[in-house]
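As a plain string of letters, each chain reads:
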Amino acid sequence: MPQSGNHLHLSAQTDPVTMVVTDASAHLPRLYNAPEILGDAHTGLTLQIAPDQARYLGTVLRKKAGDHVRIFNANSGEWLARITEIRKDKGFFELERQLRAPTQQPALVLAFALLKRDATDLVLRMGTELGVTHFMPLITERTNTHRINPDRLHAIATEATEQCERFDVPQIESPQSFTDFLASWPQEHRLFAAIERGEDRAIHTPSLLPDAHAGDGFLVGPEGGLSDRECQMMLKYSCITPISLGPLVLRADTAVAAGLALIGCGLRSAAVLSQ
């Protein structure tokens, strides 16, 4: 950890492929500040620290005036900021310089049947780390939970965003029925749907999904899978590609991670080929 104080000097370098800060600043706390809060970021700008962030910095991390943090959002990129004042739930930052310019995250939708609380929390965390930009919770015939706590899920997604070095906090939509979701899905985008093994349907078993493009989505049903009626309804849509995630039966949250990893490889491959 770099020494704290007013004389901290950091040489910011960024890996051009991964866009991850590789110098000493990478070890500094990283805090999301919404565009409407950070505004027109520039050197010397003073910002008030949000109460929850002040408590975290002062009480948990024992930070004090003169210590540095990183603050970021999708519009402003990532900035080195110095704490100029902090006490209890109050304090101020001063922006010193930009560490990384903003980069756009390829749009990736995760539609998933709502799970029990801990499993849904895990889906939000893993999905954020694996590049999901829009979470769409679904209510299916076998869904046991029909409600979410939007503030709680947003906090989980924000924390995961801070940890994984991305700039944007994903959007979390309100739960909707499986039928309404299918009817509203944009037909110009592919929807890869995880289908349980043993079902008599044409299924693609990929090592990765090289034809995935920005705006495509991944669909995972509830524990126990989608009903026969829901599968028949889904497969009437030409934009939906059923895929298998292998011969083993996976938990829904495990299927989310496995499928998103495949789609992420496809998106990165497409980005490299387009350069």
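Residues numbered from 1 in each chain as written. Predicted model: local features only at pLDDT ≥ 70, side-chain atom pairs only at ≥ 80, totals over all residues. Heavy atoms only, no water.

1. With respect to the overall build of the protein
Selection criterion: The helix and strand labels rest on DSSP assignments: H or I over at least four residues marks a helix, E over at least two residues marks a strand, and numbering proceeds from the N terminus. Residue contacts follow a heavy-atom distance rule, with two residues in contact if any of their heavy atoms lie within 4.5 Å. Here, Shrake-Rupley sampling with a 1.4 Å probe gives the accessible areas, and only protein chains in the shown set may cover a residue.
Helices and strands together make up the secondary structure of the protein, namely 7 helices and 12 strands. Contacts in the protein between residues at least 24 apart in sequence constitute 75% of all its contacts with a sequence separation of at least 6. Roughly 14,100 Å² of accessible area belongs to the protein as shown, and the carbon and sulfur atoms make up 51% of that amount.

2. Some points on the packing of aromatic side chains
Spelled out, the test is: Side-chain rings of Phe, Tyr and Trp, where Trp is taken by its six-membered ring, are said to pair if the distance between their centres is within 6.5 Å; with planes under 30 degrees apart they count as stacked, over 60 as edge-to-face, and otherwise as tilted. For the exposure calls, accessible area comes from a 1.4 Å probe over protein chains only, and a residue counts as buried if that area is under 20% of its type's maximum, exposed if over 50%, partly exposed in between.
Scanning the entire structure with this criterion turns up 3 aromatic pairs. Considering the side-chain rings of Phe181 and Trp185, the 5.7 Å spacing of their centres and the 55° angle between planes classify their relative orientation as tilted. The exposure classification of Phe181 matches that of Trp185, with both residues buried.

3. Details of unusual backbone geometry
Here the phi dihedral of Arg62 falls at roughly 60°; this positive angle occurs in a residue that is not glycine. Within the fold, Arg62 resides in the loop between α2 (51–60) and β3 (68–73).

4. Description of the side chain of Asp121
On the secondary structure map, Asp121 appears in helix α3 (residues 117–129). For Asp121, a relative accessible area of 11% corresponds to the buried category.

5. With respect to α3
The criterion, for reference: What a helix is expected to span follows from its residue count: subtract one and scale by 1.5 Å.
The end-to-end C-alpha distance of α3, which contains 13 residues, comes to 19 Å, matching closely the 18 Å that a straight helix rising 1.5 Å per residue would cover. Regarding α3, the residues found buried are Ala119, Thr120, Asp121, Val123, Leu124, Met126, Gly127 and Thr128. Among the residues trailing α3, Gly131 stands out with phi positive, at a value near 100°.

6. So, the sheet that holds strand β2 (residues 46–48)
Rules: A strand pair is defined by DSSP finding two or more bridges across the two strands. Working convention: axes come from line fits to C-alpha atoms, limited for helices to the stretch in contact. Angles between N-to-C directions cover 0 to 180 degrees.
Taken in spatial order, the 5 strands line up as β1-β3-β4-β5-β2 in an open sheet, and their pairing is mixed. In this open sheet, the two edge strands, each paired with only one partner strand, are β1 (30–32) and β2. Averaged over all pairs of adjacent strands, the angle between strand axes in this sheet comes to 40°, irrespective of strand direction. For β1 and β3, the ladder comprises 3 bridges, and the chain directions are parallel. Residue pairing in the sheet places Arg30 in a bridge with Arg70 of β3. Lying over the sheet, helix α4 (residues 150–164) contacts β1 and β3, oriented at roughly 140° with respect to β1.

7. Some points on the pairing of strand β4 (residues 77–87)
With 8 of its 11 residues buried, β4 lies for the most part within the structure. As paired strands, β3 and β4 are joined by 6 bridges and run antiparallel to one another. Within β4, the residue paired with Ile71 across the bridge is Trp79. Adjacent in sequence and paired antiparallel, β3 and β4 are bridged by 3 residues. Between β4 and the antiparallel strand that follows it, strand β5 (residues 90–100), lie 2 residues; Lys88 among them carries a positive phi value of about 50°.

8. Considerations on the layout of surface pockets
Our working rule: In the cavity and pocket records, a cavity denotes points on a 1 Å grid over the protein atoms alone where a 1.4 Å probe fits but cannot get out, a pocket denotes an open set with protein on both sides within 12 Å along at least 5 of 7 lines, and lining residues are residues with an atom within 4 Å of a point. Grid points are joined across faces, edges and corners, and a volume is the space filled by probe spheres set on the points.
The volume enclosed by the second largest pocket comes to roughly 610 Å³. In terms of lining, the second largest pocket is formed by 22 residues, of which the most central are Leu31, Tyr32, Gln53, Thr158 and Glu162. Sorting the residues of the lining of the second largest pocket by element identifies β1, α2 and α4 as the ones contributing at least two each. Of the residues forming the lining of the second largest pocket, the biggest block, 7 residues, is contributed by α4.

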